[in-house]
Amino acid sequence: MDQSYIIPFVKSVQNVFETMLQLPVQIGQPELKHPGDSGHDVSAIIGMSGDVEGSVVLSFPTATATRVVAIFTGTELEAEDEDFADAVGELVNMVSGGAKAQFSGKDVTISCPSVVVGQSHQVYGRKDVVAISIPCESDCGAFNVEVSIRQNADAPATAK
Amino acid sequence: MKVMLVDDSKTMRNIQKGILTQLGYTDLEEACDGLDALSKVGAFQPELLLVDWNMPNMDGLTFVKKFREQGNKAPVIMVTTEAEKSRVVEAIKAGVNNYVVKPFTPDLLGERIKETLSRIAA
């Protein structure tokens, strides 16, 4: 995967959490995701299509997601609550939208988000696209942004 | 003033409701997508609309085009993650009056609402 696709997600996740939640996010070293890596409890997933294609996953341990959603919605919600999934889905929507806006000269469409809630689940993207996990740390706890995208073969050259 | 909030995210509609209420706008109607909004505008007669772009069933851009085709003049503010200039231009051409990119601060949304209404009043 083109590494230049990672920086937009780093900037976007920091911007979204700082602006909507007043929650600073520290970014760790992005790394390749491997099969068998530890699972997630809450995952918000969005698809990208067009000049860039693939998926983006915002994944949390339950405790972190619960704290984040409480700040975002102003309400304490259980992970099983429909509104909990709505809130996490909106976060991945904003993170992905903010990142794709930085893909200079690319025409990219994002899907409506899906949310998976379930202890220690795995999310598998396309087999032919590597996934990069961006570790994030905040006062609400740690979480990850997993980016598994590539340039569409018919699209113009690299992102900036 | 009657304000309609069109967004598939209840969380986002609630955030917008909170900001609008702070600004003194309490006559609010909600719609979860463009189709839902089209079915409600006739009865509610909004005087301002905040519309998301990416929604299931009918996206915000299609909604705005249909809303304008029906002869509705009420100002529309697009509130969306779609931040590319080409998207903004597309939205303005479709009849959007102002544009707010998510994520936004309450102050920014409030400013854009006031700016939009003062432009219309001028």
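Everything in this summary refers to the structure shown in the same document. Nothing here was measured: the structure is a model prediction, and the numbers come from that model.

## Quick look at the sheet that holds strand 5 (residues 98-101) of chain B
Residues and elements named next belong to chain B. Read from one edge to the other, the open sheet built from five strands follows the order 2-1-3-4-5, with strand pairing classed as parallel. Each edge of the open sheet is held by one strand with a lone partner, namely strand 2 (27-31) and strand 5. Each adjacent strand pair in this sheet contributes to an overall mean axis angle of 20 degrees, direction not counted. In this structure, strand 1 (residues 2-6) lies alongside strand 3 (residues 48-51), joined through four bridges in parallel fashion. Its bridge partner lying in strand 3, Val-6 is registered against Val-51.

## Quick notes on the interface of chain B and chain A
Contacts between the two partners involve 16 residues from chain B and, on the opposite side, 18 residues from chain A. Residue classes in the side of chain B that touches chain A are distributed as five nonpolar, six polar and five charged.

## Overview of the environment of Ala-74 of chain B
Of note, Ala-74 of chain B is situated in the loop between helix 3 (60-69) and strand 4 (76-80). Taking the C-alpha atoms as reference, Ala-74 of chain B lies 15 Å from Lys-93 of chain B; in sequence the two are 19 residues apart.

## Examining the packing of helix 3 of chain B against helix 4 (residues 85-94) of chain B
Residue and element names in this part refer to chain B. The N-to-C vectors of helix 3 and helix 4 enclose an angle of 20 degrees; their axes lie 9 Å apart at closest approach. Judged by the angle between their axes, helix 3 and helix 4 are roughly parallel. Contacts between helix 3 and helix 4 involve Leu-61, Val-64 and Lys-65 from the former and Glu-90, Ala-91 and Ala-94 from the latter. Of the residues that constitute the contact of helix 3 with helix 4, the class distribution is four nonpolar, no polar and two charged.

## Quick word on the packing of helix 2 (residues 62-73) of chain A against helix 3 (residues 82-100) of chain A
What describes two packed helices is the angle between their axes and the distance between those same axes. Residues and elements named next belong to chain A. For the pair helix 2 and helix 3, the least separation of the axes is 10 Å and the interaxial angle reads 85 degrees. With respect to helix 3, the axis of helix 2 lies roughly perpendicular. Across from Ala-65, Val-69, Phe-72 and Thr-73 in helix 2, the residues of helix 3 making contact are Asp-83, Phe-84, Ala-87, Val-88 and Leu-91. Here the contact of helix 2 with helix 3 is composed, by residue class, of seven nonpolar, one polar and one charged.

Calculation rules
- Residues numbered from 1 in each chain as written.
- Chains lettered and ligands numbered in written order.
- Predicted model: local features only at pLDDT ≥ 70, side-chain atom pairs only at ≥ 80, totals over all residues.
- Pairing = 2+ DSSP bridges.
- Helix = DSSP H or I, 4+ residues; strand = E, 2+ residues; numbered from the N terminus.
- Axes fitted to C-alpha atoms, helices over the stretch in contact; angles between N-to-C directions.
- Contact = placed C-beta atoms within 7 Å.
- Nonpolar A, V, L, I, M, F, W, Y, C, P; charged D, E, K, R; others polar.
- Parallel < 35°, antiparallel > 145°, perpendicular 65-115°, else oblique.

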